[in-house]
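So the chains spell out like this:
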Amino acid sequence: MSEKIKWGILGPGKIATKFATDLATLPNAELYAVASRSMAKAKIFADKMGFQKAFGSYEAMLQDPELQAVYIATPHVFHHKNTLQCLAHKKAVLCEKPLAINSKEVAEMMASAKANDTFLMDALWTLCLPQILQVKEIVESGTLGKLVSVKADFGFRADFNPNSRLFDRDLGGGALLDIGIYPLMLTLLLMGRPKKITSAAHIGTTKVDEDCAVIFDYGNGQTANMHSSLLARTPTEAYIYCEKGYIHIPTQFHKPVDEITILTYEDLKEKKIVYNNQTIGYSFEAAEVMRCLQAGKKESDLVPHQFSINLMALMDEIRAQIGLVYPRHD
Ligand SMILES: NC(=O)c1ccc[n+]([C@@H]2O[C@H](COP(=O)([O-])OP(=O)(O)OC[C@H]3O[C@@H](n4cnc5c(N)ncnc54)[C@H](OP(=O)(O)O)[C@@H]3O)[C@@H](O)[C@H]2O)c1
């Protein structure tokens, strides 16, 4: 693998702009290509963000022999198809969350990555952030005693538009897959898979969940409490409660935060860990992809395939409980 990795962006929309901004901060990333369904749009994005080549179709970019890694930034429902396209051309893939709509699609994507001997990573950028790695380390060190409970939320008031990615069922709309995935991934990271899941949701007029509450029971005294909403602005923070103290990740816990707080119950003393963030936060996942590619790895240790499989299985079960169906996929 060459020293610089040649990156392509597939689906240059809102999040792709932020990702490309961070990619430009990494010295071993080459801003190589952009593919859109519209050549004019690809050109505008490439010029603005500093990419060398523009393509008017996704397939055309994937035929470029020099392209090495692709960041897929299309709406959820296209992740499965776009990932299979990239893997068939043996391009390393970093695919936006959620990795797909259901476990069946994820299994096909993993199988394709194996069959093509090509790298695939779910773009769970939060799992690559220094603050989250540190929280995991603190919990695992046992200094705060046994983990008791995780409480996390993600909510904002979205303008209702039945044709938007957030509300249109055919585009994979709903709170759970878009933002509920963040509290879930934190809990799965720290506590693993639960014994029992209890969920409740408000399903709106477009038949997607506009508000979704989930409780995990681990059957051993441990629980987790997660909430996501497109109807209300919620703190979007996380508490990790242990026997001797808790860790608080302030708003917005899924992004780089300036500090986290650790409170110990015995003395009620607060200790702060401060972070000096230089990027929006997408640089960490992109750097992880490049670390893996340069080491010849086909999957990441920070976001292993099994984590993505487990995360999607949780979302499948929650969807079954709240009656959230994506007819073109399920
Ligand atoms: N990691 C994060 O922090 C984060 C934040 C926001 C979103 N996301 C994820 O990123 C993905 C994209 O979100 P976004 O808000 O960036 O979406 P967006 O701007 O609405 O769409 C992204 C791009 O997808 C392409 N696309 C292909 N087929 C499409 C279709 N039939 N309808 C609409 N767009 C289509 C379009 O590009 P062309 O037409 O140019 O091909 C569009 O610009 C979602 O899966 C979301 O979960 C992640």
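Structural data are supplied above this passage.
Quick look at the structure, then. (Residues numbered from 1 in each chain as written. Predicted model: local features only at pLDDT ≥ 70, side-chain atom pairs only at ≥ 80, totals over all residues. Heavy atoms only, no water.)

### Some details on the packing of helix H6 (residues 130–141) against helix H7 (residues 175–191)
It is at 10 Å that the axes of H6 and H7 come closest, and there the two elements cross at 35°. Of the two elements, H6 crosses H7, and the hand of that crossing is right-handed. Contacts between H6 and H7 involve Ile132, Val135, Lys136 and Val139 on the former and, on the latter, Leu186, Leu189 and Leu190. Grouping the constituent residues of the contact of H6 with H7 by class yields six nonpolar, no polar and one charged. (Axes fitted to C-alpha atoms, helices over the stretch in contact; angles between N-to-C directions. Helix = DSSP H or I, 4+ residues; strand = E, 2+ residues; numbered from the N terminus. Left-handed = near helix turned anticlockwise from the far one by under 90°. Contact = heavy atoms within 4.5 Å. Nonpolar A, V, L, I, M, F, W, Y, C, P; charged D, E, K, R; others polar.)

### Observations concerning the site of the ligand
Around the ligand sit 22 residues in total, of which Ser36, Lys41, Tyr58, Lys97 and Tyr282 are the nearest. Here Ser36 contributes a side-chain N or O atom positioned 2.5 Å from an oxygen atom of the ligand. Tyr58 has a polar side-chain atom sitting 2.5 Å from an oxygen atom of the ligand. In the complex, 83% of the free accessible area of the ligand, which totals 900 Å², lies under the protein chains. For the shell around the ligand, a count of residues per class yields nine nonpolar, six polar and seven charged. (Near = heavy atom within 4 Å. Polar contact = N/O pair within 3.5 Å; in protein donor to acceptor, adjacent residues only side chain to side chain. Areas by Shrake-Rupley, 256 points an atom, 1.4 Å probe, with all protein chains shown as cover.)

### So, the packing of aromatic side chains
All chains considered together, the criterion is met by eleven aromatic pairs. Each ring, one from Tyr241 and one from Tyr246, has its centre 5.7 Å from the other, and the planes form 75°; the classification is edge-to-face. Taking relative accessible area as the criterion, Tyr241 reaches 24% and is therefore assigned partly exposed. (Phe/Tyr/Trp six-rings, centres within 6.5 Å; stacked < 30°, edge-to-face > 60°. Buried < 20%, exposed > 50% of the residue type's maximum accessible area, 1.4 Å probe, protein only.)

### Observations regarding the side chain of Thr74
Among the secondary structure elements, Thr74 is positioned in the loop between strand S4 (69–72) and helix H4 (79–88). Note on Thr74: relative accessible area 9%, which makes it buried. In this structure the side chain of Thr74 is engaged in a polar contact, spanning 2.8 Å, whose partner is the side chain of Asn82. Contact partners of Thr74, with chain neighbours within four places excluded, come to Leu10, Gly11, Tyr58, His79 and Asn82.

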